[in-house]
Amino acid sequence: MNALTKAISQFWQSSIGKKLVVAITGAILVGFLIAHVGGNMLIFAGREAMNDYAYFLHHFLHGAGIWIFRAILLGAFVLHIAATIALTKQNRAAKAESYEHEATNIASKSSRIMIWSGLTVLAFVVFHIFHFTVRVDPELAGMKEPSGRHDVWGMVIVGFQKPLVVLFYFVGISLLCSHLSHGIASIFQTLGWRSRSSSDAINKLGLAISIVLWLGFLSIPLAASVAGFGTDQLEATVTDVAETAPEKH
Amino acid sequence: MNLTLKVWRQRHANDTGTIETYEAKSIPEEASFLEMLDIVNEQIVESGDEPIHFDHDCREGICGSCSLTINGVPHSREKGITTCQVHMRKFSDGDTIWIEPFRGKAFPVVRDLVVDRSAFDRIVAAGGYISVRTGSAEDANSLPVSKDHADASFDAAACIGCGACVAACKNASAMLFVGAKAAHLNLLPQGQPEKDKRVLAMVRKMDEEGFGNCTNQYECEAVCPKEISADVIAKLNRDYAVAATKEAFT
């Protein structure tokens, strides 16, 4: 084993090393979520704006861009989960005996359920990918614009017409934002960029980003299901599934 | 005042241990918490039973020996003090008080409320020192130290190694202790030559001893009797990242 391999192995085995992995991958994932919610807001700009954006994402760098992006995200996601599960196991072993009379001083509720909110978000992300990326529902997969381009805008509106789906999105996004309300501030601490004088501002920044993401992400399922946003414009482009083979971009 | 005590009793390290109930009667409110335990122990001894074992030494908040978790909080809910500085006037007549040892796999119970905190000594032995001979005190102005660094180093050096940070952390993490011991030296010019070696050695020893990982909840900072800031943890994270990177490429 050469020196570099040994150093990487020691880095991963150390508590701070794994925490740095969690922080850096967490920062990548938060960056993605901010870009994702920004792109999602195009739903409210109308079908053409949303579908143009989706077309751009799928054809950026001749179609390679999205796969590079997905590979980075998948790598960050897997490392984030692997490191946090390993850390949680170590932490439970380190506090094998708990107090008969438990008490908490300042730790937030969100910070105490990180592993559970994280694992629920994992389940939610898997569902979300099958729902809108893989499109296992043929009704959603077969939606086309008159030009033949996949109708992402229409797919989202139709996808949120089922109350159970909206409920799962509500729970998943809420737990994601609970996770972030502790996680974003933690990134600064783990990377060594937090101090007593900046902690208040960092906590507020983490909370503000979490609230903006919660409002942004949930505005779409709630608008489509509760307020009926876009439902009057669906008939024009929902293609008969039997006539058009699903085409994924 | 009359109190009900729920006390962890464990005869030896391998005993399973249990909570036992004691009635503490006619406790003067001027008594310190440890004096209250002394009074209760006298009653237990008079009845022919084994007294409650607990660590103590200076009884004025500077040695770091006392180590009780009172109602789930190491050193009690009073801010910036050790168990020996807690007074009974902070409790009310009729209260039930839970008294347990500092918990953490790396702090095994020796007996009752006494835990073995020698893991802290081994972490300090791994790198919490300056190995060059410094000689006698030199002229104060010959080695300039900025006021910010001097203050931060002094604050970190206030750590008495009591272990309340580990006891309060749900992961039994020793990051506040290790951060304080490392920052104390890493902020001063004398500590620079061995800075990277020190950080790597102390963090690795900390992991080896079975302490958990920091999840940034700052329970440690909340209970620290010397009110050491979690800034030292941020600094330890930063210093570790730099030292590990240098180690990988040298």
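Residues numbered from 1 in each chain as written. Chains lettered and ligands numbered in written order. Predicted model: local features only at pLDDT ≥ 70, side-chain atom pairs only at ≥ 80, totals over all residues. Heavy atoms only, no water.

Things to note about the overall build of chain B
Convention followed: A run of H or I in DSSP becomes a helix once it reaches four residues, and a run of E becomes a strand once it reaches two; helices and strands are each numbered from the N terminus. Any two residues whose heavy atoms approach within 4.5 Å are treated as being in contact. All accessible areas in this document rest on Shrake-Rupley with a 1.4 Å probe, and a residue is counted as covered only by the protein chains that are shown. Note that His is not counted, nor are the chain ends; the positive residues are Lys and Arg, and the negative ones are Asp and Glu. Every charge is mapped to an atom, namely NZ of Lys, CZ of Arg, CG of Asp or CD of Glu.
Broken down by element type, chain B carries 8 helices and 7 strands. In terms of overall dimensions, chain B has a C-alpha envelope of 65 × 40 × 35 Å along the principal axes. Sequence separation of at least 24 residues holds for 69% of the intrachain contacts in chain B that already meet a minimum separation of 6. With an accessible surface of roughly 11100 Å², chain B has 50% of that area assigned to carbon and sulfur atoms. Counting 27 positive and 37 negative side-chain charges, chain B places the averaged centre of each group 6 Å from the other.

So, the packing of helix α2 (residues 15–40) of chain A against helix α4 (residues 64–94) of chain A
All names here are of chain A. Convention followed: Only C-alpha atoms enter the line fits that serve as axes; for helices the fit covers just the stretch in contact. Angles between N-to-C directions range over 0 to 180 degrees. What sets the label is the angle itself: under 35 degrees gives roughly parallel, over 145 gives roughly antiparallel, 65 to 115 gives roughly perpendicular, and the rest give oblique. Should the near helix be turned counterclockwise from the far one by less than a right angle, the crossing is left-handed, whereas a clockwise turn marks it as right-handed. Three classes are used, and their members are as follows: Ala, Val, Leu, Ile, Met, Phe, Trp, Tyr, Cys and Pro are nonpolar, Asp, Glu, Lys and Arg are charged, and the others, Gly among them, are polar.
One can describe the packing of α2 onto α4 by two numbers: an axis separation of 8 Å at closest approach and a directional angle of 140 degrees. Taken together, the axes of α2 and α4 are oblique relative to one another. In the packing of α2 onto α4, the handedness of the crossing is left-handed. Contacts between α2 and α4 involve S15, K18, K19, V21, V22, T25, G26, I28, L29 and F32 from the first element and F69, I72, L73, A76, F77, L79, H80, A83, T84, A86, L87 and Q90 from the second. Split into classes, the residues belonging to the contact of α2 with α4 amount to 14 nonpolar, 6 polar and 2 charged.

As for the interface of chain B and chain A
Using the following cut-off: In short, buried area is how much 1.4 Å probe accessible area vanishes from two parts on joining, totalled over both. Salt bridge criterion: a side-chain nitrogen from Lys or Arg within 4 Å of a carboxyl oxygen from Asp or Glu. Under the rule applied, a polar contact is a pair of N or O atoms within 3.5 Å (in protein, one hydrogen donor and one hydrogen acceptor; residues adjacent in sequence only if both atoms are side-chain atoms).
Taken together, the contact between chain B and chain A spans 55 residues of the former and 38 residues of the latter. Interface area for chain B against chain A, summed over the two sides, is near 3900 Å², with a carbon-plus-sulfur share of 50%. Linking chain B with chain A are 2 salt bridges. The closest approach of N and O atoms between A:R196 and B:E221, which form a salt bridge, is 4.0 Å. Connecting chain B to chain A are 31 residue pairs in polar contact (both at pLDDT 80 or more). Looking at the side of chain B that touches chain A, the elements with two or more residues in it are β5 (96–101), α4 (164–168), α6 (195–208), α7 (219–223) and α8 (231–248) of chain B. Among the elements that line the side of chain B that touches chain A, the one with the most residues is α8(B), at 11 residues. In terms of residue class, the side of chain B that touches chain A is built from 29 nonpolar, 13 polar and 13 charged.

A few points about the environment of B:I19
As for its placement among the helices and strands, B:I19 is situated in strand β2 (residues 18–24). Linking B:I19 and B:Q85, residues 66 residues apart in sequence, is a C-alpha distance of 24 Å.

Quick look at the pattern of salt bridges
Residues and elements named next belong to chain A. Basically, it comes down to this: Partly exposed residues are those whose accessible area sits between 20% and 50% of the maximum for their type, while under 20% is buried and over 50% is exposed, using a 1.4 Å probe and protein chains only.
All told, the structure shown has 22 salt bridges over all chains when counted by the stated rule. R149 is the partner of E145 in a salt bridge, and the nearest nitrogen-oxygen pair spans 2.9 Å. A single burial state applies to E145 and to R149, both of which are buried.

Thoughts on the state of the cysteines
Residues and elements named next belong to chain B. Selection rule: Counting rule for disulfides: a pair of cysteine sulfur atoms within 2.5 Å.
By the definition in use, this model includes 0 disulfides over all chains. Considering cysteine sulfurs only, C58 is the nearest to C63, which forms no disulfide, with 3.5 Å between them. Overall, C63 belongs to the partly exposed group, its relative accessible area being 29%. You can see C169 has no disulfide; the closest cysteine sulfur is in C220, sitting 6.7 Å from it. Assessed through its relative accessible area of 12%, C169 is described here as buried.

Some details on the side chain of B:S76
Residues and elements named next belong to chain B. Residue placement: S76 occurs in the loop between β4 (73–74) and β5. In terms of polar contacts, S76 uses its side chain to reach the backbone amide nitrogen of E78, at 3.1 Å. Residues contacting S76, with those up to four places away along its chain left out, are I70 and V86.

Details of α8(B)
Using the following cut-off: One fewer than the residue count of a helix, multiplied by 1.5 Å, yields its expected span.
For α8(B), which comprises 18 residues, the first-to-last C-alpha distance of 26 Å matches the rise-based estimate of 26 Å (1.5 Å per residue) to within 8%. Buried within α8(B) we find B:V232, B:I233, B:A234, B:K235, B:L236, B:N237, B:D239, B:Y240, B:A243, B:A244 and B:A248.

Side note on the packing of aromatic side chains
Basically, it comes down to this: Aromatic pairs are defined between Phe, Tyr and Trp rings, using the six-membered ring for Trp, whenever the two ring centres lie within 6.5 Å; interplanar angles under 30 degrees are classed as stacked, those over 60 as edge-to-face, and all others as tilted.
Per the counting criterion, the structure on display carries 19 aromatic pairs over all chains. Ring plane angle 85 degrees and centroid distance 4.8 Å describe the contact between A:F160 and A:Y169, whose orientation is recorded as edge-to-face. The residues A:F160 and A:Y169 share a single accessibility class, namely buried. Centre to centre, the rings of B:F107 and B:F120 are 5.2 Å apart; their planes meet at 70 degrees, and the pair counts as edge-to-face.

Structural notes on the domain arrangement of chain B
All names here are of chain B. Put simply, the test is: The start and end points of each domain follow an automatic or database-based domain assignment.
When its domains are assigned, chain B resolves into domain 1 (3–111) and domain 2 (117–248). Each partner contributes to the interface: domain 1 provides 22 residues, whereas domain 2 provides 21 residues. Here domain 1 and domain 2 share an interface that buries about 1500 Å² over both sides, 63% of which is from carbon and sulfur atoms. Where domain 1 touches domain 2, the interface holds 1 salt bridge.

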